[in-house]
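Coordinate inspection notes
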Amino acid sequence: MDLKTAIRAIPDHPKPGIVYRDITPLMADGEAFRRTVEGLASAFKAHRIDKVAGIEARGFVFGAALATALGAGFVPVRKRGKLPHDTISRSYSLEYGEDVLELHRDAVAPGERVLLIDDLIATGGTAVAAAELLAELGARPVACAFVIELEGLGGREALAGLTDEVFSLMQFG
Ligand code: PRP
Ligand code: ADE
């Protein structure tokens, strides 16, 4: 089975002109979900990752499974107002809006080997904000990983300089 067939396209969601790539069918299919996590884990098993940083919300789903597979810890990069302890924050724009991301100030230690993960990269606004938060704590991500990359929106290019590697399991043009 081609894992791309488990991604559903929803035209004009959440705004006219956006083709929303819905990953929930892939997550609901046990074999597709397992193969996705295994694909990510095999790409990073030699990277000696200390912590996986997952971006709310769908990055939590893949990030937690990946952290377990890699024997790494998991830290959440959350939307504004959700984290209870001392935080740092960044505002950002994404393909269809804008928001604020936050990270606990003690989530990572300087020099830790962090893998940043989200389900999807489009413009890269979200991932850049998350990578900048990690860098502010002295933990530049060694790699940024995505299940889906929407090509042609500049996301990969936006991350250049903030990480050594940008990885995606599947691409849509
Ligand atoms: C989606 C996706 C990424 C982001 C990518 O999240 O999960 O986090 O958009 O877009 P960008 O590359 O243009 O920044 P969304 O903000 O819809 O939040 P959700 O995961 O809570 O649904
Ligand atoms: N996040 C940003 N753009 C998206 C899209 N086209 N589909 C799903 N999530 C997204």
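Summary of the structure given here. On a predicted model such as this, the values are computed, not experimentally measured, just so you know. (Residues numbered from 1 in each chain as written. Chains lettered and ligands numbered in written order. Predicted model: local features only at pLDDT ≥ 70, side-chain atom pairs only at ≥ 80, totals over all residues. Heavy atoms only, no water.)

Let's talk about the nonpolar core
By size, the foremost hydrophobic cluster in this structure holds 28 residues, and its most contacted members are Leu26, Leu40, Val52, Leu70, Leu115, Ile148 and Met170. Where this core is concerned, the elements lending two or more residues are helix H2 (30-44), helix H3 (58-70), strand E7 (114-121), strand E8 (143-150) and strand E9 (166-172). Sorting elements by how many residues they give to this core places E8 first, with 5 residues. Filtering out sequence-adjacent residues up to four positions away, Leu70 remains in contact with Ala41, Phe44, Lys45, Ile49, Val52 and Leu115. Ranked by size, the runner-up nonpolar core spans 27 residues in total, among them Val75, Val128, Leu137 and Ala139. (Core = buried A, V, L, I, M, F, W, Y, C linked by side-chain atoms within 4.5 Å. Buried < 20%, exposed > 50% of the residue type's maximum accessible area, 1.4 Å probe, protein only. Helix = DSSP H or I, 4+ residues; strand = E, 2+ residues; numbered from the N terminus. Contact = heavy atoms within 4.5 Å.)

A look at the site of ligand 1
Around ligand 1 there are 16 residues in total, and Tyr96, Asp118, Asp119, Thr123 and Thr126 lie nearest to it. One of the backbone nitrogen or oxygen atoms of Glu95 is found 2.9 Å away from an oxygen atom of ligand 1. Compared with its free state, where it exposes 500 Å², ligand 1 has 86% of that area covered by protein. When contributions to the shell around ligand 1 are tallied by element, the ones reaching two or more residues are E7 and helix H4 (125-136). Sort the elements by how many residues they give to the shell around ligand 1 and E7 lands first, with 4 residues. Residues that form the shell around ligand 1 fall into these classes: 6 nonpolar, 4 polar and 6 charged. (Near = heavy atom within 4 Å. Polar contact = N/O pair within 3.5 Å; in protein donor to acceptor, adjacent residues only side chain to side chain. Areas by Shrake-Rupley, 256 points an atom, 1.4 Å probe, with all protein chains shown as cover. Nonpolar A, V, L, I, M, F, W, Y, C, P; charged D, E, K, R; others polar.)

What to know about the site of ligand 2
Near ligand 2, the surroundings consist of Ile18, Val19, Tyr20, Arg21, Arg58, Glu95, Tyr96, Leu120, Ala122 and Leu150. Val19 has a polar backbone atom sitting 2.9 Å from a nitrogen atom of ligand 2. One nitrogen or oxygen atom from the side chain of Glu95 is found 2.5 Å from a nitrogen atom belonging to ligand 2. Burial of ligand 2 by the protein chains amounts to 94% of its free accessible area of 260 Å². Looking at the shell around ligand 2 element by element, the count peaks at 3 residues for strand E2 (residues 19-22).

Some words on the packing of aromatic side chains
Under the defined criterion, the tally for this structure stands at 4 aromatic pairs. Consider the rings of Tyr20 and Tyr96, whose centres lie 6.3 Å apart with planes at 35 degrees: the pair is tilted. You can see Tyr20 sitting in strand E2 and its partner Tyr96 sitting in the loop between strand E5 (87-94) and strand E6 (97-104), a full 76 residues away along the chain. Taking relative accessible area as the criterion, Tyr20 reaches 17% and is therefore assigned buried. An angle of 80 degrees between the planes, with centres 5.4 Å apart, marks the rings of Phe44 and Phe167 as edge-to-face. Here Phe167 lies in strand E9 and Phe44 lies in helix H2, a separation of 123 residues in the sequence. Comparing Phe44 with Phe167, the two get one shared label, buried. Above the plane of the ring of Phe172 lies Lys4, whose end atom (NZ or CZ) is 4.8 Å from the centre. (Phe/Tyr/Trp six-rings, centres within 6.5 Å; stacked < 30°, edge-to-face > 60°. Lys NZ or Arg CZ within 6 Å of the ring centre and 35° of its normal.)

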